[in-house]
Amino acid sequence: MSILVNKDTRLLVQGITGNEGLFHTEQMLSYKTNIVAGVTPGKGGDWVLNGKIPVFDSVQSAVDVTGANASVIFVPARFVGDAIFEAVDAEIPLVVCITEGAPIQDMMRVKQYLSSRSTRLIGPNCPGLLTPGEAKVGIIPGNIAFSGNIGVISRSGTLTYEVLYALNQNGMGVSTCVGIGGDPVKGMNFVDCLELFEADARTDAVVMIGEIGGNDEEIAANYISANMTKPVVAFIAGISAPPGKRMGHAGALIEGNSGTAQSKIQALQSIGVKIARYPEEIPGLITV
Amino acid sequence: MKLQEYQSKILFTMYNIPVPNGRIAESIGEVKQISEELGGRVVIKAQVLSGGRGKAGGVRIAKTIDEAEEYANQILGKEIYGMPVRKVLVDEMISIDKEIYLSIANDRNSQKPILMASSFGGMDIEEVSRSNPEKIVKRVIDPLLGLRDYQLRDVAINIDLDRDYWQDFSTIIHQLWKVYVDCDATLVEVNPLVITSEKKLTALDAKVVLDDNAMFRHPNLNDLRDKDAVPPSETQGRKIGVSFIKMEGNIGCLVNGAGLAMATMDIIKELGGEAANFLDIGGGANAKKVEESLRLILSDEKVKAILINVFGGITRCDEVAKGILSAFKEIQTNIPIVVRLVGTNDKEGLRLLQDTELIPAGSLLEAATIAVGKAGEGKA
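These figures come from a predicted structure and were not determined experimentally.

Things to note about the overall build of chain A
For step 1, the next point in the chain: Looking only at helices and strands, chain A has nine helices and 14 strands in total.
For step 2, the next point in the chain: For 288 residues, the compact-globule formula gives about 19 Å, and the C-alpha radius of gyration of chain A, at 18 Å, lands near that figure.
For step 3, the next point in the chain: Here the C-alpha coordinates of chain A stretch approximately 55 × 40 × 30 Å along the principal axes.
For step 4, the next point in the chain: Counting across all 288 residues of chain A, residues that qualify as buried make up 58%.

See the structure below:
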């Protein structure tokens, strides 16, 4: 078991012929992810990576022919909104958007549209998903994690890899790692993933990597307190961040008095979640 | 990206949102001329991108042309909150019956646009939300449907707006919504929207913030970017393609990834040190970017130690180490530099750094401890 992606995932890559799309398709393929199709409008009929993957002009035609049930998006930021709408309209159950820099109003429209649909969205501006040994959907380095019983949810990229690597070095395996992304308006959030991990038979503990900005960690603390039976360990980045400055990620911003690391740490600590002071400290705090 | 008040008002005018008569001036002569045109009674407003201009002496009311000249002389060329005043807006004096707060903004909680209004106009809205939260009316807007007329009536009723003004109030909000959507704004704010003694609604102040991610759709607006609002080091960072924010400490940081960069600053602080900057070099770590980033960090004379923290995933640590070494061939410095490499091939990467002047470290805790120690040396 795992959450969201596994060996049965039939993956489609939107923007497969771009530099990023092609490079990471190759990486995902070499991880043995089941990639069934690519989409680049205007390049339908081509094949990429030595004839391994067929390219289609539209998501619907790719789904019709290949039965794709998940999509990963690498298209440039200006096309992100349209690419997600296209995947949602083709009724793909899971859409993972890696692209950084999508306009916020585009994402608000996407989010509103999703509220009446059954598609799940991860991202944008995220590293994607990794179910070790089964599927890599996105850009998380596959070699740094092995299969195990820890679920990981993170708003960050390299910080996530750092945590995966620390778990690895301490002999701890991962059920699924979900990079939910660093944008203020995004698809699945901590709570959505916590819910899935709580229900996942293979996951015994969850690591949550948050950062300054918004109040998603505080909402997660409420959820954990009311619903989680599995232990949760957290790290929150940005305790030294000044207010009013966007710390790299579009969503990593302390606005007025809200969104501080202190508030998140306090909310989580008060309900018994162990907080790591730095990423390498995480494995030692996990008790399963 | 924030627009200046005068730029926001030009935008409002294009959308038929009423603003006072007025023009922008860069010299005392221009202020004098505009004041004459407007009949002598004017408001002189410093154009800097910060709140609290009034408190800092950046907004003055002149009753005569001579006074206008005097105030312009006091304001132009001065600094407000560290930003030089290069321009002033000269607006006609308006007599006010009532002040209203009005804005449309991105609401992170609902992940939708939000319309906010208050009968407590002309005050710091953050302050109002603390002292009189019930006086702020908020309505979430469906981004696919847009504003509904009933929502506007509902807002008007809840801020006790006289019925005579409902029509004009609705029209102004509809136009504000158009500005918000057309320009990819993250905030359009009118504080205050006033009812004049002639019973007209007018936007006395205007604040527009645009979404940096959407600037590709608005090249003309992008040209309005105010260079004074961003420290030169951050502009330089943007130029070399890294995310850079100046901080107050003395330990320079060069990290790949924004989250990891924050975590690096945090552990430095935890150990009693203070980061000199936030710097996210992005994916990989090629020699040229490392070199340019180091030059940027070293341009801050306060820096006493540098901590390079790179996670090698798809770009392996041995490749990163080679990149760092080749960057150092181009840079002369006596400042101690700690390099922490972790991830794919990290041991090979660290081995390449041995017998160089760089200080290799395997864990973040070890690296930060060394950097904090080195930065503290020489302090007594």
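Notes on the overall build of chain B
For step 1, the next point in the chain: Counting its regular elements, chain B contains 13 helices and 18 strands.
For step 2, the next point in the chain: Once the C-alpha set of chain B is aligned to its principal axes, its extents read approximately 80 × 50 × 40 Å.
For step 3, the next point in the chain: Among the 380 residues that make up chain B, the fraction classed as buried is 44%.
For step 4, the next point in the chain: Contacts spanning at least 24 positions in sequence make up 69% of the contacts within chain B whose residues lie at least 6 apart.

Things to note about the interface of chain B and chain A
For step 1, the next point in the chain: Tallying the contact residues gives 43 residues for chain B and 44 residues for chain A.
For step 2, the next point in the chain: At the level of elements, β8 (112-118), β13 (243-246), α9 (258-270), β15 (277-280), β17 (337-343) and α13 (364-376) of chain B are the ones that each hand at least two residues to the side of chain B that touches chain A.

So, the domain arrangement of chain A
All names here are of chain A.
For step 1, the next point in the chain: Looking at chain A, the domain boundaries give domain 1 (11-122) and domain 2 (140-285).
For step 2, the next point in the chain: On a C-alpha basis, the centroid separation for the pair domain 1 and domain 2 is 26 Å.
For step 3, the next point in the chain: Contact with domain 1, which involves eight residues of that partner, is made by eight residues of domain 2.
For step 4, the next point in the chain: Element by element, the count of residues in the side of domain 1 that touches domain 2 is highest for helix α4 (residues 104-114), at four residues.
For step 5, the next point in the chain: By residue class, the composition of the side of domain 1 that touches domain 2 is six nonpolar, no polar and two charged.

Side note on helix α5 (residues 149-158) of chain B
Residues and elements named next belong to chain B.
For step 1, the next point in the chain: For α5, the complete set of buried residues consists of Leu152, Val155 and Ala156. Viewed along the axis of α5, the buried residues span an arc of 100 degrees, placing them on a single side of the element. Looking at α5, the residues exposed on the side facing more than 90 degrees away from the buried face are Tyr150 and Ile157.
For step 2, the next point in the chain: Buried positions along α5 lie against β8, β9 (136-140) and α6 (166-182).

Describing the domain arrangement of chain B
For step 1, the next point in the chain: You can read the domains of chain B as domain 1 (21-92), domain 2 (96-222) and domain 3 (230-376).
For step 2, the next point in the chain: For domain 2 of chain B versus domain 3 of chain B, the separation of C-alpha centres amounts to 44 Å.

Comments concerning the confidence of the model for chain B
Residue and element names in this part refer to chain B.
For step 1, the next point in the chain: Of all residues in chain B, 98% have pLDDT values of 70 or greater, and the mean over the chain is 92.
For step 2, the next point in the chain: Averaged pLDDT values over the elements of chain B bottom out at 85 in helix α11 (residues 317-328) and peak at 98 in strand β11 (residues 201-203).
For step 3, the next point in the chain: For this predicted complex, the interface score ipTM comes out at 0.92, while the overall pTM is 0.93.

Points about the sheet that holds strand β2 (residues 42-46) of chain B
All names here are of chain B.
For step 1, the next point in the chain: In space, the four strands of this open sheet follow the order β1-β6-β2-β3, with antiparallel pairing throughout. Each having just a single partner strand, β1 (22-25) and β3 (59-62) make up the two edges of the open sheet. When strand polarity is set aside, the average angle formed by the axes of neighbouring strands in this sheet is 20 degrees.

Considerations on the sheet that holds strand β14 (residues 274-275) of chain A
Residue and element names in this part refer to chain A.
For step 1, the next point in the chain: With respect to topology, seven strands assemble into an open sheet ordered β9-β8-β11-β10-β12-β13-β14, the strand pairing being mixed. The two strands at the open ends of the sheet, each matched to only one other strand, are β9 (135-138) and β14.
For step 2, the next point in the chain: Sheet topology note: the strand β10 (residues 147-154)/strand β12 (residues 205-211) ladder contains five bridges and is parallel. Directly across from Gly151, in β12, lies its bridge partner Val206.

Notes on the environment of Ile275 of chain A
All names here are of chain A.
For step 1, the next point in the chain: Looking at where Ile275 falls in the secondary structure, it is placed in strand β14.
For step 2, the next point in the chain: It is 9.5 Å that separates the C-alpha atoms of Ile275 and Met208, two residues lying 67 residues apart in sequence.
For step 3, the next point in the chain: Apart from residues no more than four positions distant in its own chain, Ile275 is found in contact with Ala234, Ile236, Ile265, Leu268 and Gln269.

Some thoughts on the pairing of strand β7 (residues 96-107) of chain B
Residue and element names in this part refer to chain B.
For step 1, the next point in the chain: As judged from the eight bridges shared by β7 and strand β10 (residues 185-196), these two strands associate in the antiparallel manner. Note on β10: the bridge partner recorded for Ala105 is Leu187.
For step 2, the next point in the chain: The sheet contact formed by β7 and β8 spans seven bridges and is antiparallel. When the bridges of β8 are listed, Asp107 appears paired with Lys112.
For step 3, the next point in the chain: Counting the residues that bridge the hairpin from β7 to β8 gives four residues, and of these Gln111 lies at a positive phi of roughly 60 degrees.

Topic: unusual backbone geometry
Peptide bonds are, in most cases, trans, and in most cases residues other than glycine have a negative phi.
For step 1, the next point in the chain: Cis geometry marks the peptide bond from Gly123 of chain A to Pro124 of chain A, where omega comes out at 10 degrees.
For step 2, the next point in the chain: Tracing the chain through its elements places Pro124 of chain A in the loop between β7 (120-122) and β8 (128-131).
For step 3, the next point in the chain: The amide bond that connects Asn191 of chain B to the next residue, Pro192 of chain B, takes the cis arrangement and shows omega of 10 degrees.
For step 4, the next point in the chain: As for its placement among the helices and strands, Pro192 of chain B is situated in strand β10.
For step 5, the next point in the chain: Although it is not a glycine, Asn16 of chain B sits at a positive phi angle of roughly 60 degrees.
For step 6, the next point in the chain: Among the secondary structure elements, Asn16 of chain B is positioned in the loop between α1 (5-14) and β1.

What to know about the packing of α9 of chain B against α13 of chain B
Packed helix pairs are characterised by how far apart their axes lie and by the angle those axes make with each other.
Residues and elements named next belong to chain B.
For step 1, the next point in the chain: Packing of α9 against α13 brings their axes to within 9 Å, and their N-to-C directions diverge by 55 degrees. Between α9 and α13, the angle is such that the two are oblique. Along this stretch, α9 crosses α13, giving a crossing that reads as right-handed. Facing α9, whose interface residues are Thr264, Ile267 and Ile268, α13 presents Leu364, Leu365, Ala368, Ala371 and Val372.
For step 2, the next point in the chain: Classifying every residue of the contact of α9 with α13 by side-chain character gives seven nonpolar, one polar and no charged.

Focus: the packing of helix α10 (residues 287-298) of chain B against α11 of chain B
Residue and element names in this part refer to chain B.
For step 1, the next point in the chain: Two elements in contact, α10 and α11, have axes whose closest approach is 8 Å; the angle formed by their N-to-C orientations is 50 degrees. Judged by the angle between their axes, α10 and α11 are oblique. The chirality of how α10 crosses α11 is right-handed. Residues Ala287, Val290, Glu291 and Leu294 of α10 lie in contact with α11, whose contacting residues are Gly323, Ile324, Ser326 and Ala327.
For step 2, the next point in the chain: Looking at the contact of α10 with α11 residue by residue, the class counts come to five nonpolar, two polar and one charged.

Concerning the pairing of strand β5 (residues 70-73) of chain A
Here is the key point about a regular strand: its side chains alternate between the two faces of the sheet.
All names here are of chain A.
For step 1, the next point in the chain: Because side chains alternate across β5, one face comprises the buried residues Ala70 and Val72, and the other comprises Ser71 and Ile73, equally buried.
For step 2, the next point in the chain: One ladder, built from four bridges, connects strand β1 (residues 11-14) with β5; its direction is parallel. When the sheet's bridge partners are listed, Val13 is paired in β5 with Val72.
For step 3, the next point in the chain: In the sheet, β5 pairs with strand β6 (residues 94-97) via four bridges, with the strands oriented parallel. Note on β6: the bridge partner recorded for Val72 is Val96.
For step 4, the next point in the chain: Regarding topology, helix α3 (residues 80-89) serves as the crossover connection from β5 to the parallel β6, and that connection is right-handed.

Basis of the calculations
- Residues numbered from 1 in each chain as written.
- Chains lettered and ligands numbered in written order.
- Predicted model: local features only at pLDDT ≥ 70, side-chain atom pairs only at ≥ 80, totals over all residues.
- Helix = DSSP H or I, 4+ residues; strand = E, 2+ residues; numbered from the N terminus.
- Rg over C-alpha atoms; globule rule 2.2 N^0.38 Å.
- Buried ≥ 20, exposed ≤ 12 C-beta atoms within 10 Å, placed from the backbone.
- Contact = placed C-beta atoms within 7 Å.
- Domains from an automatic or database assignment.
- Nonpolar A, V, L, I, M, F, W, Y, C, P; charged D, E, K, R; others polar.
- Arc of directions from axis to C-beta.
- pLDDT = per-residue confidence, 0-100.
- Pairing = 2+ DSSP bridges.
- Axes fitted to C-alpha atoms, helices over the stretch in contact; angles between N-to-C directions.
- Parallel < 35°, antiparallel > 145°, perpendicular 65-115°, else oblique.
- Left-handed = near helix turned anticlockwise from the far one by under 90°.
- Right-handed = clockwise from strand over helix to strand, strands pointing away.

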